[in-house]
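These are the residues of each chain, in order.
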Amino acid sequence: MANVARGTFDLQGLDPVGKAIAAPVDRRLASSTTPQPSSDQDNQPAVIHYVNPFVHKLVWDDPIDKLKTALLTVFLLPFRVMLILVCLSMAWTLAHIGLFGLSAEDLRTKPLSGWRRRLKLLLSEFAVLMYTCAGLGITVRGRQAARREAPVLVVSPHSSFLDAVIIYLTGLSSPLVRNADRNLGKLIDYAQPIYVCREDAHSRQTTIREIIQRASSPEDWPQILIFPEGTCTNRTSLIQFKPGAFYPGVPIQPVLMRYPNKIDTVTWTWEGPDALQLLWRTLTQFHTFCEIEFLPVYHPSEAEKADPKLYARNVRNLMARALDIPISNYTFDDCKLMTFVKNVRMPYAASSADISKLRKTLRLDERNPELAIVRQEREFSGQNSFVALATFAQRLTIPAKDESTIGLFKVFLKTSDSSVIDFREYLLLALFLITLYTPKMAFVEGLFHLYGVDGRVNREQLYDTLKYLVRISRQEVDNIFIASDPANSGSIDFGQFCATVERMPPLHSKLQKNNDPNNLHLG
């Protein structure tokens, strides 16, 4: 089950995802947990927090804890694994029996009934027992509403590979599942999930229609279960909710998940321990505590029914104050951007979303002064590239005392006691963000000016220019450089590079593709 919760049962992009950025919370909303629909509860924030919700660090420096883990790995882990496999086998067998004779179309078009429906309860009990055998102690508060009261369950925060237990605790509610994860098996098929493809806009619209159809259907479908954040976070804030769960305009029941453990071995985020390490550390704890709280059903106002994004914001505010954590302006797209930056081996991947947001706050994205700077600067050397805060602000024509300016500057500080940054590193990330969703050649042109002298680069600088955009060897770069420099001058300009690349169709085709975070693979 380690592959389940991180990106499978979450709301998959239904609205056309280091250091951190402001995470605002409206403390005026913190006085009550009773749903109070309004025209818009997401007003100006009163408190600002700086925590990246996609980063989790599991510190392991206690020798006693290491000894305990080693002993439990030998004496406890094998028994837990054996019991988990027994429960998993029983649940899988029941699911296989219950789905016998049903096609994928049957599961998609009509709810299970009769003995198949009753079998779900027994299957769910075995699945929950599997989590119990893993050492998960579950405390449930509140009451799960019936489907007629709330056709949709909205669960947050989504933070762990253990979150999937909520599907079975709620009697096999129907989760949203990535299209790529159709092969997860009978246990998920029996929940009659709704599939969505993140990258296909048509699939997202089809999924919205299916959510609306199921939530409004007079038939006895299972409740729909959605993690509206769309990705896992570290529970320090609630990131923006995607509106897919709220399009039907029906009452929803908010569900909170907490893991109040001294050692956090369950949080699975974009940057942090991998699933295997977390699973091992969790299975070698005596107990792992999980609290699940069903809040009262939220009945939308007419304004919320007409505006799914407003409905999503208001429910997020309600859940944030019940959890006593802030809301933040991070999104699933921020996580996707950081993944893309990391995938192309750019520096400061964990801060890329923060850099983007700070540039927008300072309105740098409207002027893009970095383009003019790299074109006007004859050469970026050590002498003119290491700048203090005042010079940094002056070159970008932004106020030096502005909190966002200071935050953007601090992202690039190497140490806490340093007072200067390498301006080239900032320009590299800024050019990358400026040229997103445009052909990669636009980024190449900017890097010719950033790395070169008067827009001309040598062989090593050409490699530095291309390594973030395509998978390319130094030998291939050497061949391109030699072909572009028949006079053997030792440097080439962007025009010479383009002329050579046009004679190399595979590379030319790759560089004409957009630098797009939706494509997480290098062309």
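Residues numbered from 1 in each chain as written. Predicted model: local features only at pLDDT ≥ 70, side-chain atom pairs only at ≥ 80, totals over all residues. Heavy atoms only, no water.

### Re the overall build of the protein
So the rule is basically this: Numbering goes from the N terminus for both helices and strands, where a helix is a DSSP run of H or I of at least four residues and a strand is a run of E of at least two. Relative accessibility decides the category of a residue: with a 1.4 Å probe and only protein chains considered, values under 20% of the type maximum give buried, values over 50% give exposed, and everything between is partly exposed. The method behind every accessible area is Shrake-Rupley, applied with a 1.4 Å probe, and residues are considered shielded solely by the protein chains displayed.
Secondary structure summary: the protein contains 23 helices and 13 strands in total. Looking at the protein as a whole, 54% of its 523 residues qualify as buried. Total accessible area computed for the protein in this model is approximately 23,000 Å², and 56% of it derives from carbon and sulfur atoms.

### Section: the pairing of strand 9 (residues 288-294)
The cut-off we apply is this: For two strands to pair, DSSP has to find at least two bridges joining them.
Taken across its 7 residues, strand 9 has 5 buried, putting it largely inside the fold. As judged from the 6 bridges shared by strand 3 (residues 136-141) and strand 9, these two strands associate in the parallel manner. Paired with Thr-139 across the strands is Glu-291, a residue of strand 9. Relative to strand 9, strand 8 (residues 252-258) runs antiparallel, the two being bridged by 4 bridges. The residue of strand 9 that forms the bridge with Val-255 is Phe-294.

### Examining unusual backbone geometry
With an omega of -10°, the peptide bond between Ser-156 and Pro-157 qualifies as cis. By the element assignment, Pro-157 lies in the loop between strand 4 (152-156) and helix 5 (165-169).

### Some thoughts on the packing of aromatic side chains
What counts here: Two aromatic rings, drawn from Phe, Tyr or Trp (for Trp, its six-membered ring), form a pair once their centres lie within 6.5 Å of each other, and the interplanar angle then sorts them: stacked below 30 degrees, edge-to-face above 60, tilted otherwise. Only when the NZ atom of a Lys or the CZ atom of an Arg is both within 6 Å of the ring centre and within 35 degrees of the ring normal do we say a charge sits over the ring.
Going through the model one piece at a time under the given rule, you end up with 14 aromatic pairs. An angle of 55° between the planes, with centres 4.8 Å apart, marks the rings of Tyr-348 and Phe-412 as tilted. With a gap of 64 residues between them, Tyr-348 in the loop between helix 11 (332-343) and helix 12 (352-361) and Phe-412 in the loop between helix 17 (403-411) and strand 11 (420-422) connect regions that are remote in the sequence. Here Tyr-348 and Phe-412 have matching classes, each one buried. Ring geometry for Phe-432 against Phe-443: centres 5.4 Å apart, planes inclined by 80°, an arrangement best described as edge-to-face. Within this pair, whereas Phe-432 is found in helix 18 (residues 423-434), its partner Phe-443 is found in helix 19 (residues 440-451), the two being separated by 11 residues in sequence. Like Phe-432, the residue Phe-443 is buried in the burial classification. An aromatic cluster is defined as three or more aromatic residues linked by ring pairs; in this entry it consists of Tyr-348, Phe-392, Phe-409, Phe-412, Phe-423 and Tyr-426. The aromatic ring of Trp-270 is capped on one face by Lys-342, whose charged end is 5.3 Å from the ring centroid.

### Let's talk about the sheet that holds strand 8
Our working definition: All axes are obtained by fitting lines to C-alpha atoms, using only the stretch in contact for helices, and the reported angles, taken between N-to-C directions, cover 0 to 180 degrees.
If you walk across this open sheet you meet the 7 strands as 3-9-8-4-7-5-6, and the pairing is mixed. Both outer strands of the open sheet, strand 3 and strand 6 (194-196), are each paired with one neighbouring strand and no more. With strand direction ignored, the average angle separating the axes of adjacent strands in the sheet is 25°.

### Things to note about the side chain of Arg-359
The condition is simple: Here, two residues are considered to be in contact whenever any of their heavy atoms come within 4.5 Å of each other.
Considering the arrangement of structural elements, one finds Arg-359 in helix 12. Apart from the residues within four sequence positions on either side, Arg-359 is in contact with Leu-364, Asp-365, Asn-368, Glu-370, Tyr-426, Ala-430, Leu-433 and Ile-434.

### Section: helix 21 (residues 474-484)
Put simply, the rule is: To obtain the arc, one takes the directions from the helix axis to the C-beta atoms.
Among the residues of helix 21, those classed as buried are Val-477, Ile-480, Phe-481 and Ser-484. Down the axis of helix 21, the buried side of the element spans an arc of 100°, and every buried residue falls inside it.

### Some points on the pattern of salt bridges
The condition is simple: Any Lys or Arg side-chain nitrogen located within 4 Å of an Asp or Glu carboxyl oxygen qualifies as a salt bridge.
One pass over the full model with this rule turns up 21 salt bridges. A salt bridge links Lys-305 to Glu-302, with the nearest nitrogen and oxygen atoms 3.5 Å apart. Placement of both Lys-305 and Glu-302 in helix 9 (residues 302-306) is noted, with a separation of 3 residues, approximately one turn of the helix. Relative accessible area serves as the criterion here: at 38%, Lys-305 is assigned to the partly exposed category. When its relative accessible area of 60% is taken as the criterion, Glu-302 is described as exposed. The residue Glu-377 makes a salt bridge to Arg-395 at a minimum N-O spacing of 2.4 Å.

### Description of the environment of Phe-409
With respect to the secondary-structure elements, Phe-409 resides in helix 17. The exposure class of Phe-409 is buried, given its relative accessible area of 6%. Residues Phe-409 and Val-420 lie 11 residues apart in sequence; the distance between their C-alpha atoms is 8.8 Å.

### Re the nonpolar core
In summary, soluble globular proteins display a tendency toward joint burial of nonpolar side chains. Note the following rule: As used in this record, nonpolar core signifies buried Ala, Val, Leu, Ile, Met, Phe, Trp, Tyr and Cys residues forming a set joined through side-chain atoms within 4.5 Å.
Membership of the largest hydrophobic core comes to 67 residues, with the highest contact counts inside it found for Phe-392, Tyr-426, Leu-462 and Phe-497. Here this core takes 9 residues from helix 18, the largest share from any one element. If near-sequence neighbours (up to four positions away) are discounted, Tyr-426 is found in contact with Arg-359, Leu-364, Glu-370, Phe-392, Leu-396, Leu-408 and Phe-412. In terms of nonpolar packing, the next biggest core, distinct from the first, is built from 48 residues, Leu-58, Leu-77, Tyr-131 and Val-177 among them.

### Looking at helix 1 (residues 63-75)
Note that an α-helix has 3.6 residues per turn; residues three or four places apart therefore point the same way. The following threshold applies: Multiplying 1.5 Å by the residue count of a helix minus one yields the expected span of that helix. Whenever two N or O atoms come within 3.5 Å, that pair is a polar contact, provided that in protein one can donate a hydrogen and the other can accept it, and provided that, for residues adjacent in sequence, both atoms are side-chain atoms.
The terminal C-alpha atoms of helix 1, which comprises 13 residues, lie 18 Å apart, in line with the 18 Å expected from a rise of 1.5 Å per residue. Each element contacted by the buried residues of helix 1 is listed here: helix 2 (77-98) and helix 8 (275-283). You can read the cap of helix 1 off the contacts: a side-chain oxygen lies 3.0 Å from the backbone nitrogen of Ile-64, and it is on Asp-62.

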